[in-house]
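Residues per chain, in single letters:
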Amino acid sequence: MTAPLTIETTPEVKAALSAGRPVVALESTIITHGMPWPGNRDMALEVEAVIRSEGAVPATIAVIDGRLHAGLDEAAITALAQAKDVMKLSRADFAYALAEGRTGATTVAATMMAAHLAGISVFATGGIGGVHQGAAESFDISADLDELGRTPVIVVSAGAKAILDIPKTLEALETRGVPVVAYGQDAMPAFWSRESGLKAPLRLDDPAAIARFEATRRMLGGHGGMLIANPVPVEDEIAASEMNRHIAAALATAKAKSIEGKAVTPFLLGEILNLTDGASLKTNIALVLNNARLAARIAAALASPAI
């Protein structure tokens, strides 16, 4: 028989989970596939520092040599940030990496799975995957959507990545019964931009309200995840009108080069980085830090005896 799955945790994460203190999960693809060394390590450590500054404990999720980790120390983050041939893990290949002793960085879907297994209820990321532009022909739809429909983890993001078809992504989330909550505004954000031109399905204005909503959902039973759409700070945003031009140009280049599957998102993000002369990366880092801060506050509210 296969042995039970062992989740490696740092002493900091283990102590927090045992004591019922707030913990926030973090994905690892942003380290391995999001930006080059050493900026990737510096960003990861800064995100963890933000979470600690809010009284919560960060738990970066990754598979290293076939071992699932919920929490990485600085040395492990540094090593992962420099690692080569790291798999990009979603639900379909998560178990493969574990079974074959591979090293893999977790996407939103795989991070949700691991967080739930570890007993972590809140996860901070940049933006979720969703329905890609042209999905009617390509059928390119992220597994993140199904994971949100099945796995009870609160995902704090700046909305869906703006390179996606956001209206169709919202429709797909509604079909799966996923609450989409804009934080502090009525408009649905669009990753680099505070507004997508779409109204968010729901709105809440403070972490305690989000925690109450989640607690009520738990009483009903059988629920999946929740998506919190947290707009990037005003001073860091790039206007949607500007970003839409860059996204259209990047999509055209991807089509001309026949970029497909898991290669699409990193290719588009790289193209947009060039088109914006690096501004998109600065905004990306700012929104990740902003999401980590909110996620820590939500985790603290969930851990409060008042909820």
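Described below are features of the structure shown in this document. (Residues numbered from 1 in each chain as written. Predicted model: local features only at pLDDT ≥ 70, side-chain atom pairs only at ≥ 80, totals over all residues. Heavy atoms only, no water.)

### Topic: the overall build of the protein
Phase 1: A tally of helices and strands in the protein yields 13 helices and 11 strands.
Phase 2: For a compact globule of 307 residues, the expected C-alpha radius of gyration is about 19 Å, and the protein comes in at 18 Å, within 12% of that figure.
Phase 3: Each principal axis of the C-alpha atoms in the protein carries an extent, and together these give about 50 × 40 × 35 Å.
Phase 4: The buried share of the protein, taken over its 307 residues, is 52%.
Phase 5: When contacts within the protein are restricted to residue pairs at least 6 apart in sequence, those whose partners lie at least 24 apart make up 73%.
Phase 6: When the accessible surface of the protein is split by element, carbon and sulfur atoms take 54% of a total near 13500 Å².
Phase 7: Distance from the positive charge centre (26 side chains) to the negative charge centre (33 side chains) of the protein: 2 Å. (Helix = DSSP H or I, 4+ residues; strand = E, 2+ residues; numbered from the N terminus. Rg over C-alpha atoms; globule rule 2.2 N^0.38 Å. Buried < 20%, exposed > 50% of the residue type's maximum accessible area, 1.4 Å probe, protein only. Contact = heavy atoms within 4.5 Å. Areas by Shrake-Rupley, 256 points an atom, 1.4 Å probe, with all protein chains shown as cover. Lys, Arg positive; Asp, Glu negative; His and termini not counted. Charge placed at Lys NZ, Arg CZ, Asp CG, Glu CD.)

### Considerations on the side chain of Asn-290
Phase 1: In this structure, Asn-290 sits in helix H13 (residues 279-303).
Phase 2: Judged by relative accessible area, which is 16%, Asn-290 ranks as buried.

### Here's the deal with the environment of Ser-142
Phase 1: Within the secondary structure, Ser-142 sits in the loop between helix H7 (135-138) and helix H8 (143-150).
Phase 2: When its relative accessible area of 18% is taken as the criterion, Ser-142 is described as buried.
Phase 3: A sequence separation of 22 residues divides Ser-142 from Leu-164, and the C-alpha atoms of the two residues are 10.0 Å apart.
Phase 4: In contact with Ser-142, not counting residues within four places along its chain, are Gly-129 and Gly-130.
Phase 5: In this structure the side chain of Ser-142 is engaged in a polar contact, spanning 2.9 Å, whose partner is the backbone nitrogen of Asp-144. (Polar contact = N/O pair within 3.5 Å; in protein donor to acceptor, adjacent residues only side chain to side chain.)

### Side note on empty space enclosed by the protein
Phase 1: Tallied over the entire structure, the rule returns one cavity of 30 Å³ or more.
Phase 2: The calculated volume of the largest cavity comes to roughly 80 Å³.
Phase 3: Lining the largest cavity are Leu-26, Glu-27, Ile-30, Ile-31, Met-43, Ala-44, Val-47, Thr-60, Ala-124, Thr-125 and Val-288.
Phase 4: Secondary-structure elements contributing two or more residues to the lining of the largest cavity are helix H2 (29-32) and helix H3 (39-53).
Phase 5: Among the elements that make up the lining of the largest cavity, the one with the highest residue count is H3 (three residues).
Phase 6: Taken together, the residues that form the lining of the largest cavity break down as eight nonpolar, two polar and one charged. (1 Å grid on protein atoms, 1.4 Å probe; cavity = no way out; pocket = protein on both sides within 12 Å on 5 of 7 lines; lining within 4 Å. Points joined across faces, edges and corners; volume = space filled by probe spheres on them. Nonpolar A, V, L, I, M, F, W, Y, C, P; charged D, E, K, R; others polar.)

### Here's the deal with the pattern of salt bridges
Phase 1: In this structure the tally under the stated criterion is 14 salt bridges.
Phase 2: Taking the shortest distance from any N to any O, the salt bridge between Arg-297 and Glu-54 comes out at 3.0 Å. Of this pair, Arg-297 sits in helix H13 while Glu-54 sits in the loop between H3 and strand E3 (57-64); the two residues are 243 residues apart in sequence, bridging distant segments of the chain.
Phase 3: With relative accessibility at 39%, the residue Arg-297 sits in the partly exposed group.
Phase 4: Assessed through its relative accessible area of 24%, Glu-54 is described here as partly exposed.
Phase 5: Between Glu-147 and Arg-91 there is a salt bridge, and its shortest N-O distance comes to 2.7 Å. (Salt bridge = Lys/Arg side-chain N within 4 Å of Asp/Glu carboxyl O.)

### What about the nonpolar core?
Phase 1: The biggest cluster of nonpolar side chains holds 96 residues, and the ones touching the most others in it are Ile-128, Ile-154, Ile-228 and Ile-298.
Phase 2: For this core, the element with the most residues is H13, which contributes 11 residues. (Core = buried A, V, L, I, M, F, W, Y, C linked by side-chain atoms within 4.5 Å.)

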